[in-house]
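# Analysis of the macromolecular model
Residues per chain are reported as follows:
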Amino acid sequence: MEEMEEELKCPVCGSFYREPIILPCSHNLCQACARNILVQTPESESPQSRRASGSGVSDYDYLDLDKMSLYSEADSGYGSYGGFASAPTTPCQRSPNGVRVFPPAMPPPATHLSPALASVPRNSCITCPQCHRSLILDDRGLRGFPKNRVLEGVIDRYQQSKAAALKCQLCEKAPKEATVMCEQCDVFYCDPCRLRCHPPRGPLAKHRLVPPAQGRVSRRLSPRKVSTCTDHELENHSMYCVQCKMPVCYQCLEEGKHSSHEVKALGAMWKLHKVVRDQISHCTVKLRQTTGLMEYCLEVIKENDPSGFLQISDALIRRVHLTEDQWGKGTLTPRMTTDFDLSLDNSPLLQSIHQLDFMQMKVAWFAFDPGSAHSDIIFSNDNLTVTCSSYDDRVVLGKTGFSKGVHYWELTVDRYDNHPDPAFGVARIDVMKDVMLGKDDKAWAMYVDNNRSWFMHNNSHTNRTEGGITKGATVGVLLDLNRKTLTFFINDEQQGPIAFENVEGLFFPAVSLNRNVQVTLHTGLPVPDFYSSRASIA
């Protein structure tokens, strides 16, 4: 549950929430902290008065215009809510968590309400310190925001679990409360077990005993152990082999295969490659925040207060969706620099793959491959029939790769609506899956509509040919790796000249289509007779 702790702390004061309220943006604030960050706007410039004059500016639009001004204070400790000629500068301070705190422009009148909910000046605004979204308060002031009773309950349970006494790890029955922890043994002891199992004499006399609470912190913050060499278990890594790109010990340099290699000090290389630590730190922070949110959600689910749960459920769902989008849209892509470029030399592997003979039979049976296809591709008929859920073109490959021989397969068009441009051909295994086949340099294709076709490779369009496809049409693909050519057919007639020459390497059958097209694959077909006779003459 420790990962959840950041979810339970106010972004303003940095402490556990006290009487939290829910802002419209789904974030939470202590009531007292919310009052401390209120800012009063001039009466004459309020959004209400602007709406009355017909300007049509909403509360959020009005504040978004001046958001940067609000957060661009100078180092003098003073800030101004910009955009108003009559707005005086407002003294501000920083909270323990680094958020600027603006005291209200005038002291609130005495009231029987709690200080945090006492009436606030008219036209006060509050800006969320986490997402910086701003809102003009209505006449109810902070009372217009709902209290987060569920969050209060989660915090109470969390604090109770943290306050629970640490137990001795060596008691056999009914563990007693631990009184010390040995940092070297990494064990919590009660007094009887310490006297029996950890006497202060001999080699144990040098061990450091600390209070249990301090031991829990030190256990969490303890550094990693020094790594040892895999070839020489008694030696620690102390150098870095530049050629092998791995840490080594002194014995490796004296006796092993690294003796003639260039080496550098391990500490120097660690500093040079510090960007990796920065990336790991960045991703670890995001992972910890996500884990904390997940644990918080699990605790919320345990609540037995229906009204309290329903009050925050929508806000919590929005936060979960936002977190999911952040991971899915690549906002956490590691920030690589040219100082340290991780690369893999795959040329020997590719050379070996190209020399493989994946299919030496005259005919081959295969289906489409769900494992390598774009997620929008829809499979049926034992993976022989495919369509798509998207209006954009998506790529699917066959399961079999060819590097030698002559191979022919066909695709029948089961559905063809609104004149789309499906593409048929071959591709490398790492072809782009979210664009039309042939847009990159990893695919060789023919794309065709209802009237004509083109050949395409690396986004270069060539050989426009009259004649297209309709529902029920058959498209044939002939890959001749003996002659290094690729040829296309529509309804048993060759479509245009030989599409591509000098093709060599490993190729997979490929198709790109959108939701307006459905095709079925037919394999195990012999090479067309007229092509076989032509090839024998040549």
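Look above for the structure.
Read on for a plain summary of the structure. Note that the coordinates shown come from a computational prediction; the quantities given were computed from them, not determined experimentally. (Residues numbered from 1 in each chain as written. Predicted model: local features only at pLDDT ≥ 70, side-chain atom pairs only at ≥ 80, totals over all residues. Heavy atoms only, no water.)

Once that is clear, we can look at the overall build of the protein chain. From N to C terminus, the protein chain includes 13 helices and 29 strands. Considering the protein chain as a whole, with its 538 residues, one finds that 42% of them fall into the buried category. Total accessible area computed for the protein chain in this model is approximately 30,100 Å², and 53% of it derives from carbon and sulfur atoms. (Helix = DSSP H or I, 4+ residues; strand = E, 2+ residues; numbered from the N terminus. Buried < 20%, exposed > 50% of the residue type's maximum accessible area, 1.4 Å probe, protein only. Areas by Shrake-Rupley, 256 points an atom, 1.4 Å probe, with all protein chains shown as cover.)

Not every positive phi belongs to a glycine, and H132 is a case in point at roughly 65°. With respect to the element layout, H132 can be found in the loop between β8 (124-127) and β9 (134-136). What makes H132 partly exposed here is its relative accessible area of 33%.

On to the side chain of S26. Along the polypeptide, S26 turns up in the loop between β1 (20-22) and β2 (28-30). A relative accessible area of 5% means that S26 is categorised as buried. Among all residues touching S26, those that are not within four sequence positions of it are A315, R318 and R319. (Contact = heavy atoms within 4.5 Å.)

A complete count under the given rule lists nine aromatic pairs for this structure. Measuring from centroid to centroid gives 6.0 Å for F402 and W409, while their planes differ by 20°, and the two rings are stacked. An aromatic cluster is defined as three or more aromatic residues linked by ring pairs; in this entry it consists of F366, F402 and W409. Above the plane of the ring of F507 lies R428, whose end atom (NZ or CZ) is 4.4 Å from the centre. Sitting over the face of the ring of Y391, R515 holds its NZ or CZ atom 4.6 Å from the ring centroid. (Phe/Tyr/Trp six-rings, centres within 6.5 Å; stacked < 30°, edge-to-face > 60°. Lys NZ or Arg CZ within 6 Å of the ring centre and 35° of its normal.)

With that settled, the discussion passes to the state of the cysteines. One way to say it: the disulfide is the covalent bond shared by the sulfur atoms of two cysteines. Throughout the structure, instances matching the rule amount to zero disulfides. Free of any disulfide, C33 has its nearest cysteine sulfur in C13, 3.7 Å distant. As a non-bridged cysteine, C244 has C241 as the owner of its nearest cysteine sulfur, 3.7 Å distant. The class of C244 is partly exposed, set by a relative accessible area of 29%. (Disulfide = S-S within 2.5 Å.)

Attention now moves to the side chain of H261. Looking at the element boundaries, H261 is found in the loop between α8 (250-255) and β15 (263-265). The class of H261 is buried, set by a relative accessible area of 18%. Those residues in contact with H261 that sit more than four places away from it in its chain are C241, Q243 and C244.

Ordered by their spatial adjacency, six strands build an open sheet running β18-β28-β20-β21-β22-β23, and the pairing between neighbours is antiparallel. Whereas interior strands pair on both sides, the edge strands pair on one side only; in this sheet they are β18 (394-397) and β23 (460-466). Averaged over neighbouring strand pairs, the angle between their axes works out to 20° when direction is ignored. Summarising the sheet, β18 and strand β28 (residues 508-513) pair through four bridges and their orientation is antiparallel. Bridged to R394 within β28 is L513. (Pairing = 2+ DSSP bridges. Axes fitted to C-alpha atoms, helices over the stretch in contact; angles between N-to-C directions.)

The next thing to look at is the sheet that holds strand β14 (residues 246-248). Within a beta sheet, neighbouring strands are joined by backbone hydrogen bonds and run either parallel or antiparallel to one another. On the basis of which strands lie adjacent, the open sheet formed by three strands has the order β14-β13-β15 and antiparallel pairing. Each edge of the open sheet is held by one strand with a lone partner, namely β14 and β15. Direction aside, the axes of adjacent strands within the sheet are offset by 40° on average. In the sheet, strand β13 (residues 239-241) pairs with β15 via three bridges, with the strands oriented antiparallel. Pairing of M239 across the sheet is with A265, part of β15.

Burial within strand β20 (residues 423-427) is extensive, with five of its five residues counted as buried. Side chains A423, G425 and A427 of β20 all project onto a buried face; the interleaved residues F424 and V426 project onto the opposite face, where all are buried too. Summarising the sheet, β20 and strand β21 (residues 443-448) pair through five bridges and their orientation is antiparallel. Across the sheet, residue F424 finds its bridge partner in β21, namely M446. Here β20 runs beside β28; their pairing, made up of five bridges, is antiparallel. Across the sheet, the residue bridging to V426 is P509, located in β28.

Here we come to the pattern of salt bridges. Taken as a whole, this structure holds 11 salt bridges when the rule is applied. Put simply, K9 and E5 hold a salt bridge, and the shortest N to O gap is 3.0 Å. Exposure remark for E5: the relative accessible area of 19% places this residue in the buried category. Among the ionic pairs, D392 bridges to R394, the shortest N-O distance being 3.9 Å. Put simply, D376, D392 and R394 are held in one network by salt bridges that share partners. (Salt bridge = Lys/Arg side-chain N within 4 Å of Asp/Glu carboxyl O.)

This part takes up the nonpolar core. One broad trend across soluble globular proteins is that nonpolar side chains are buried collectively. Grouped together as the largest cluster of nonpolar side chains are 37 residues, with contacts concentrated most on W409, L411 and L479. When residues of this core are traced back to their parent elements, those giving at least two are β17 (385-388), β19 (406-416), β20, β21, β24 (474-480), β25 (485-490), β28 and β29 (517-522). Considering every element that reaches this core, the biggest residue donor is β19, with four residues. The contacts of L411, once residues within four sequence positions are left out, are F368, F424, A473, T474, V475, V477, V511, V519, T520 and L521. One finds L23, C25, L29 and L38 within the second-largest nonpolar core, a separate group that totals 33 residues. (Core = buried A, V, L, I, M, F, W, Y, C linked by side-chain atoms within 4.5 Å.)

Moving on, we come to the environment of M4. For M4, the position within the fold is in the segment before β1. With a relative accessible area of 0%, M4 lands in the buried category. Considered as a pair, M4 and E299 are 295 residues apart in the sequence and their alpha carbons are 9.7 Å apart. Contact partners of M4, with chain neighbours within four places excluded, come to V154, Y158, G292, E295, Y296 and E299.

Counting through the fold element by element, G438 comes out in the loop between β20 and β21. With a relative accessible area of 1%, G438 lands in the buried category. Remark: the alpha-carbon pair of G438 and G425, spanning 13 residues in sequence, is separated by 8.5 Å. Residues contacting G438, with those up to four places away along its chain left out, are A443, A445, M456, H457, N458 and N459.

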